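The chain contents come next:
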Amino acid sequence: MAHPQHAAARRGRSLASREALQGFVFVSPWILGFLLFTAGPMLFSLYASFTNYDITSQMAWIGFKNYDTMLNHDPLFWKSLRNTLYFVVISVPLQTAAGLLLAMILNRRMPGIRLFRTVFYLPSVLSGVGVYVLWMMLLSPSAGLVNLTLSWLGIDGPAWLTDPAWTKNAIILMKLWGSGSMMLLYLASLQGVPSKLYEAAELDGAGRLRKFWHVTLPMITPVIFFEIVTGFIGGFQIFQEGYVMSYGNDPGAPMNSLLFYNLHMFLKAFKVFDMGYAMAMAWFLFLIVLLLTLINLTLSRFWVHYEGGEQ
Amino acid sequence: MPFKHLKKAFQLTAVASLVSLLAACSGGTSGGPAAAQADAAANSGSGSSVSPEGRVVLDYWTWWGSETRRPIIEKLVDDFNKSQDKIFVKHSYYPYSDIFTKELAAVSAGNPPDIMMNDINTVQQRASKNQAMNLSKYVERDKVQDRFFPELWNTVLYNGEPYALPFNTDTRMMFYNKDDFKEAGLDPDKFPDTWDELEQAAQKLDKKHGNTYTRIGYSPQFNSDWNLLQLNFDGGRNFFDESGKPVVNAPAKAEALQYILDNAKRLGQKNIDAFKADFGSQQANPFLSGRVSIWTDVTNFYTQIRDYGDGINFGVAPLPETKEGAGHWSVGGGFVIEIPYGAKHPDEAWEFLKYMTDVEAQTYWAEKNFDNVANKEASNSSELMSNPVYKASVENLAHTKLTPNPLNAPDYMNLINPQRDAIMLGQTSIQDGLNKAQADVEKLVSGK
């Protein structure tokens, strides 16, 4: 009945659209999951941040009141933001450097190197409250291993977790212990640096430092960049450390020096049921992290080197 | 045709993802009555011969999963299940750290447990936010109010109506090592009556080896702190007065801080901190291991002395008072049993609440856990009272205050504690710190 040419064209079109349809069908579980479990709750929380939502009894529109309270009337908001920023700004570069240094040390051929790599990676597999309790013992002022070691060197160690001047530094120090996962990525990228580049540099008379500075470092900048971006994002989410390692069961103690942004948010949400306020805090944090990531991306143009030229 | 296979594959994928979605949805709650019964049947393996068939199954959440407490709670549940044929209570254990957020989520999803143990100091908060059920019609009908100590009953009232039943409570007392007292030349049968006397006695109990303390007699910072002492110094008044006005910088509260600072000055804060930090890293409690002679704790600390104290010769006494007649005020906490808002079988759940707060169950609970219970009659049972420590704890309840969180400032301690820390660290004077805390709490209360 139909014209053979038309039929062929229709078959062609329908093959393409069938393929497209099948594609959508295959990704649909993910899209559905995203819409239901991520996008839906996100939109809801954005709406709730403009209400006095307390989970079980009320949800009335109160405009920007939560945001106003947050920025102008809650001293603990700024305190927690400052604590978190302090942690991120010091911890992220330190961890990046430590991970890289560790990778450099472990990137060599020698007997038993696999064992060392495993041992250094191990701490990043462990996580949670057990590790924090362990560190609370290690950081104990008189009987802890950290101060004991310091005392052998003639140093009178601080009261790590009781002196508010030291608490955040103690957490930063502890976090260095978990640089193993970063180390792993650096190790992989170090081994991906083509050996011909080193050979060429050697021919040009470059020493170890020059080789590192002019070959290794530029070649692994994409990984460094990745670590910094994810480090920032992860750093802003610090929570458990302040909750578990605070002194005497007061979350964030002493003197709120460990009251991190997410901890403050958690306490507002689940201790006093001020969920609307907590959601406003969450969205504010989202904006901060988004902004910082954009800045990071912009700056990356000046120092991140991608093999194979501009993409 | 390959397309047919694809179609089949798609159908399978769709079904699989749907099933996993459904499974995820029902993960938190038990999937319908059938699953609940299956669960209950599985749970009743803990010694019960009662079957839930044909009964209303109630879900009862607690965090009592330890080897000591779980058998006690399950025995009580089992006895209840055996006692009648209409209701079957199923005990579910969740860790303490998760259970309250889990309950909150379940309540807001409209599918809460039927019975829940909860914190005594936050009943009003939950009542005001529709998280707990109003029990006044049951209480009026069954007249259970007189079972309880009035101080405890007050904590469950919101706008004059009950939203829970008090279950247990505790009170802080002084445990002291009588042998240490003898060794230091103190009368082992007489605990210091005032705080000044305590400080003098503590000096005699201290032991030093060179520059380090091997034993510290007493520090108010050991398992206690200003939050306890301020109430004792202030005639049993917490941080708010009768009319709800904050009194954080009242003179008596400053005196309590001064007392703690004087003690710290004498012992050296560094020594105290070292002791405190080491507590956590040692298996034995510092009182049990002989490193501290006077220890503040809730009265069921007695069970630890009994089980791990290695025959330690101890005494128990109320907290001292500021001066003769000022009162040996102490602080208590505890738990309530309540019906979450939206529970499906409140009538049946109420039967269980009544049973759990009645004399028999409460006496059993008190005997096994050495807890102070909310039921007056059970608390005064002659068998329990024959234990001198239990007797002392019941007597101590007469001057024990509970400190429920005020509705308009539930997180006020977050503003007070940092100032307390700053004062303790010498970063601000007592008066400045307390004035700052007072101003912060006032601001919080006024909601500006």
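Throughout, a residue's number is its position along its own chain's written sequence, starting from 1. Chain A is the first chain written and ligand 1 is the first ligand written, with later ones labelled in order. Per-residue local features are limited, in this predicted model, to residues with pLDDT of at least 70; the limit for side-chain atom pairs, both in listing and counting, is 80 or more; totals at the level of whole chains, interfaces and linings are taken over all residues. Side-chain measures were taken over the full set of non-hydrogen atoms in the model, leaving aside hydrogen atoms and water.

Observations regarding the pattern of salt bridges
Now for step 1: Salt bridge, as applied in this entry: a Lys or Arg side-chain nitrogen positioned within 4 Å of an Asp or Glu carboxyl oxygen. For the structure on display, the rule yields 31 salt bridges over all chains.
Now for step 2: In this structure, the salt-bridge partner of Asp54 of chain A is Lys129 of chain B, at a minimum N-O distance of 3.4 Å. Placement of Asp54 of chain A in the loop between helix H1 (4-48) and helix H2 (65-73) and of Lys129 of chain B in the loop between helix H5 (123-128) and helix H6 (136-142) is noted, with the two residues assigned to different chains.
Now for step 3: Taking the relative accessible area as the measure of exposure, Asp54 of chain A reaches 1% and is therefore buried.
Now for step 4: Look at Lys129 of chain B and you get buried, because its relative accessible area is 17%. To qualify as a helix, a DSSP run of H or I must reach at least 4 residues; to qualify as a strand, a run of E must reach at least 2; elements of each kind are numbered from the N terminus. Burial classes follow relative accessibility: with a 1.4 Å probe on protein chains only, a residue under 20% of its type's maximum area counts as buried, one over 50% as exposed, and anything between as partly exposed.

Concerning the confidence of the model for chain B
Residues and elements named next belong to chain B.
Now for step 1: What pLDDT expresses is the predictor's confidence in each residue, scored from 0 to 100. Across chain B, pLDDT averages 87, with 88% of residues at or above 70.
Now for step 2: Here a residue-residue contact requires only that any non-hydrogen atoms of the pair lie within 4.5 Å. Contacts from residues 6-47, a stretch scored under 50 in pLDDT, to residues over four places away or in other chains number 26 contacts.
Now for step 3: For this predicted complex, the interface confidence comes out at an ipTM of 0.78, alongside a pTM of 0.83.

Topic: unusual backbone geometry
Now for step 1: Of the consecutive residues Ala253 of chain A and Pro254 of chain A, the connecting peptide bond is found in the cis state with omega at -5°.
Now for step 2: Relative to the helices and strands, Pro254 of chain A is located in the loop between helix H11 (240-244) and helix H12 (261-270).
Now for step 3: For Asn256 of chain A, which is not glycine, the phi dihedral falls at a positive 60°.
Now for step 4: The residue Asn256 of chain A is located in the loop between H11 and H12 in this model.
Now for step 5: Accessibility expressed as a relative area gives 8% for Asn256 of chain A, which makes it buried.
Now for step 6: For Asn130 of chain B, which is not a glycine, the phi torsion comes out positive at approximately 55°.
Now for step 7: With respect to the helices and strands, the residue Asn130 of chain B is situated in the loop between H5 and H6.

Some thoughts on helix H4 (residues 96-108) of chain B
Now for step 1: Among all positions in H4 of chain B, only Ile99, Glu103, Leu104, Ala106 and Val107 of chain B are buried. What you see down the axis of H4 of chain B is that its buried residues fit within an arc of 165°, all on one side.
Now for step 2: Looking at the buried side of H4 of chain B, the elements it contacts are H12 of chain A together with strand E1 (56-62), strand E3 (115-119) and strand E13 (334-338) of chain B.
Now for step 3: Count one or two residues on from H4 of chain B and you reach Gly110 of chain B, which has phi positive near 80°. Taken from the helix axis, the directions to the C-beta atoms give the arc we talk about.

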